[in-house]
Amino acid sequence: MHAFAIDWVRSQFPSLELSVDGQPAIFLDAPGGTQVPIAVTRAVRDYYRKHNSNVGGRFVTSKNTTQIVHQTRTALADFFHASRPEEIIFGQNMTSLTFAMSRALAKTWSPGSEIIVTSLDHDANISPWKLAAADRKCSVRTWEVRTEDCTLRIEDLRPLISEKTCLIAVTLASNAVGSHVDVAGVSELVGGTGIKLFVDAVHFAPHSRISVCSGENTNGWTNWRLTKCDLPQPSLRKSGKRGPKASRASQEFRVPSITSRKPDTKRTEAAESAERWK
Ligand SMILES: Cc1ncc(COP(=O)(O)O)c(C=O)c1O
């Protein structure tokens, strides 16, 4: 068994060279301002130097940009075990994406419907939903955290759910106290009811691997399927080689099922294209 090459890993993060008042800086946060390794700074620099463009044009920088976006989506689909690159959506940060998602989903809510948010979540997974609910004349119920141990319990969620519930927004791990939420249990509870489950993985993702695909083997992988959304991107869809063809149903938001896929250890097209962009 090889020792974890911590010195090499640290050397990949230029921000760790920072010192504050003569002390090495420690970075504890994991959202939009997360530190990135040198491969990322190099790829971003190269992109702005050589390819910077909008997508979908016929000129060379635009074609390159379209290809880079596709390669990045493919690499991330591989990383998260998504079935297709189109399941990966980029945005400015979690807050902006949640605002966009809440606006899109709220169009499907009828007045009088209910949504559930939690008191353990970061505001980025509460306010966007509350604002959308107010616009649609929907009510908001709160799944309260147990103050004795800072956990969310499924038994406290159950009485909040009714035939009016259309969405539950919950975190996988708390940024404030570190508690993990039993999202697989929530998914099991709402499975087949049509209630959408929106999960904030900002503070979970840096600490644990996430698989969003179905399968039999849990093998230490997070055992649930993320709610997902497809953007209409015909040119990317044509070239997507991985996973099953998209059915109409799979292009809509879906309640997660409790399944996971065995990690794929093969060197994939995605990993190779990620290598090329180092
Ligand atoms: C748990 C959690 N979710 C969401 C956010 C918002 O993240 P972003 O900065 O990517 O909008 C944060 C920010 O600290 C967070 O801690």
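Everything in this summary refers to the structure shown in the same document. (Residues numbered from 1 in each chain as written. Predicted model: local features only at pLDDT ≥ 70, side-chain atom pairs only at ≥ 80, totals over all residues. Heavy atoms only, no water.)

### With respect to the layout of surface pockets
Phase 1: Computed from the structure, the second largest pocket encloses a volume of approximately 500 Å³.
Phase 2: If you trace the second largest pocket, you find 19 residues lining it, with Phe-27, Asp-29, Thr-34, Pro-206 and His-207 closest to the centre.
Phase 3: A per-class count over the lining of the second largest pocket returns 10 nonpolar, 7 polar and 2 charged. (1 Å grid on protein atoms, 1.4 Å probe; cavity = no way out; pocket = protein on both sides within 12 Å on 5 of 7 lines; lining within 4 Å. Points joined across faces, edges and corners; volume = space filled by probe spheres on them. Nonpolar A, V, L, I, M, F, W, Y, C, P; charged D, E, K, R; others polar.)

### Section: the environment of Thr-34
Phase 1: Checked against the element boundaries, Thr-34 lands in the loop between β2 (23–24) and α2 (38–50).
Phase 2: Given a relative accessible area of 35%, Thr-34 falls into the partly exposed group.
Phase 3: On a C-alpha basis, the gap between Thr-34 and Pro-206 in space is 9.4 Å, while along the polypeptide they are 172 residues apart.
Phase 4: Only 2.4 Å separates the side chain of Thr-34 from the backbone oxygen of Pro-31, close enough to count as a polar contact. (Helix = DSSP H or I, 4+ residues; strand = E, 2+ residues; numbered from the N terminus. Buried < 20%, exposed > 50% of the residue type's maximum accessible area, 1.4 Å probe, protein only. Polar contact = N/O pair within 3.5 Å; in protein donor to acceptor, adjacent residues only side chain to side chain.)

### Points about the site of the ligand
Phase 1: The ligand sits among Pro-31, Gly-32, Asn-93, Met-94, Thr-95, His-122, Ala-124, Asn-175, Asp-200, Val-202 and His-203.
Phase 2: Taking Asp-200, its side chain carries an N or O atom lying 2.5 Å from a nitrogen atom of the ligand.
Phase 3: Surface burial for the ligand is 89%, taken as the share of its 390 Å² of free accessible area covered by protein chains.
Phase 4: The class makeup of the residues in the shell around the ligand is 4 nonpolar, 6 polar and 1 charged. (Near = heavy atom within 4 Å. Areas by Shrake-Rupley, 256 points an atom, 1.4 Å probe, with all protein chains shown as cover.)

### Observations concerning the nonpolar core
Phase 1: Core analysis: the largest hydrophobic core is formed by 25 residues, its most contacted members being Trp-143 and Ile-168.
Phase 2: Mapped onto this core, the elements with two or more residues apiece are α6 (154–157), β5 (165–171), α7 (183–190) and β6 (196–200).
Phase 3: When residues no more than four places from it in sequence are discounted, the contact partners of Ile-168 are Ile-116, Leu-157, Ile-161, Val-186, Val-190, Ile-195, Lys-196, Leu-197 and Phe-198.
Phase 4: Residues Ala-106, Val-117, Ala-133 and Leu-167 belong to the second largest nonpolar core, which totals 17 residues. (Core = buried A, V, L, I, M, F, W, Y, C linked by side-chain atoms within 4.5 Å. Contact = heavy atoms within 4.5 Å.)

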